[in-house]
Structure formats: structure tokens, C-alpha cells
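Fold and geometry: a report
Spelled out from the first residue to the last, the chains are:
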Amino acid sequence: MKLYLRISSLVLLFFTSCATNTMVKDCTVVALDAPTFEVPYFSNPEMDYVYKANITAYGNELSGIFIAKKINDTTHRMVFTTEFGNKLLDFEITEHDFKVNSIVAELDRKILINTLVKDFRLLLRSHYQIAAQFESKESKVYLSEDGKRLNYLFVSKSDNTLSKIVHATKRKEKINLFYTVENNIFASKIIIQHKTMPLIIELNYFNNKTN
């Protein structure tokens, strides 16, 4: 009986998820190949991840430099500066908390801080508990649940790299992350696209040898 209920719940989750997210409408449910998924792109504590950043919101643009560093097993520090090196904001972020080290007065708005924390927490998160696994023609799709929020992780079958994360409710997509991957441990370009507001963050790896 317990096994029947577990299978029934999984099937219901599958059809509910596929029906409410067009990104996986053609998926099929498969057995989990692992109970967790580790995102490698910001995981090296010896590395400073430096990107040119462009934020477009409500017709306005802000450009600068985004720097992220893993400072311990649970925490990343992220700094956003102007292209001339003036610090605009400095956060420490975990999966469940954040600390504002500094922020300029022009950006010190609760709604803006909460939005950026949500975006960068999703970007810097390194560990997901997997509730279900699907498969499409081109991707393996892992589903992680955070209360009422769902995260769909799309892994390319061709090179086994994480190419996209869809952050959603059961009814609609909220945020899409797209990765252009140099190898399976580093993303050279990242786009964070909101589906419910006109906000796009584009990060391009800053290479001192070519810039």
C-alpha cells in the first residue's frame, strides 16, 4: 500500500509539473540516478569568479563588474562594482540567509535587495535535493522542491553540463537561468531572466588577457 501511494504521488507530481511548465511538457518520468545534484560553476573556494555585468530593468541599464567567491561550505560573498571599481553592493549569501555588508543609498531599497538576493542565491546555490527526474530528447531534467517553489535543472545529454535552471511555482515560471559553458565546471556567460517583471541580468566572464 505504501509503495502504491508513493508511486501514485510521483506520477501525480510528474503530470502536474509537466502540465504547468511548458518547458517540460514533452518529458517522460524516469528513475532517479542520484538523490542530489551539485552545481559546479561557483564551487571552487580558490577562485574569484569575475564577470562583466549588465542589468536591464524597466528600460534602464546598469553596467559594472560582478565578483563572487565561495568563502566556506555554505556561504558565498558577492560584490557588484562600477567599471571603475567603486563598490555598489557587497552581500554574503547562503541558501537560507543573507548579510548586507555594504550598499550605496541609491540601491538601498527593500524590494530591490530582496530581488537581487533571490537571483544571486539561485545563481550561487551549489546543492539541490532531487525529488523527481524527467527526460526529454535533449536533456535530463531534475526537479528540486523548496516548499511552494520548484527548481527544474536541465542537463544536456550531449556533454552532461547544466545548461538551464527554471525557478517556478506549480503554475508559472518565475526566473530562468541560462548558462553558456566552457567545460563542466565553468560558465563563461550567464543570463538571469525574470518572467514576471522586465528584469534581465547578463554576466560575461571577465578575462584580463582579452579585456
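Check the entry above for the structure.
1. Overview of the side chain of His-167
Considering the arrangement of structural elements, one finds His-167 in strand 12 (residues 162–168). For His-167, a relative accessible area of 10% gives the class buried. Reaching out from His-167, the side chain makes a polar contact with the side chain of Asn-151 at a distance of 2.7 Å. The contact partners of His-167, leaving out residues within four places of it in the chain, are Leu-122, Arg-149, Leu-150, Asn-151, Glu-173, Lys-174 and Ile-175.

2. What to know about unusual backbone geometry
At Tyr-58, a residue that is not glycine, the phi angle is positive and equals roughly 50°. Looking at the secondary structure, you find Tyr-58 in the loop between strand 3 (49–57) and strand 4 (60–70). With a phi angle near 60°, Asn-160 is a residue other than glycine that sits in the positive phi range. By the element assignment, Asn-160 lies in the loop between strand 11 (149–156) and strand 12.

3. Quick look at the pattern of salt bridges
Going through the model one piece at a time under the given rule, you end up with eight salt bridges. Note that Asp-90 is salt-bridged to Arg-77, the shortest N-O span being 2.4 Å. Of this pair, Asp-90 sits in strand 6 (residues 87–93) while Arg-77 sits in strand 5 (residues 76–81), placing them 13 residues apart in sequence. A relative accessible area of 1% places Asp-90 in the buried class.

4. Side note on the pairing of strand 13 (residues 173–183)
Bridge analysis of strand 12 against strand 13 gives five bridges, and the strand direction is antiparallel. Paired with Ile-165 across the bridge in strand 13 is Leu-177. Between strand 12 and the antiparallel strand that follows it, strand 13, lie four residues. In the sheet, strand 13 pairs with strand 14 (residues 186–194) via eight bridges, with the strands oriented antiparallel. Bridge pairing links Val-181 to Ala-187 in strand 14. Between strand 13 and strand 14, which pair antiparallel in sequence order, lie two residues.

Each value, and the rule that gives it
Residues numbered from 1 in each chain as written. Predicted model: local features only at pLDDT ≥ 70, side-chain atom pairs only at ≥ 80, totals over all residues. Heavy atoms only, no water. Helix = DSSP H or I, 4+ residues; strand = E, 2+ residues; numbered from the N terminus. Buried < 20%, exposed > 50% of the residue type's maximum accessible area, 1.4 Å probe, protein only. Polar contact = N/O pair within 3.5 Å; in protein donor to acceptor, adjacent residues only side chain to side chain. Contact = heavy atoms within 4.5 Å. Salt bridge = Lys/Arg side-chain N within 4 Å of Asp/Glu carboxyl O. Pairing = 2+ DSSP bridges.

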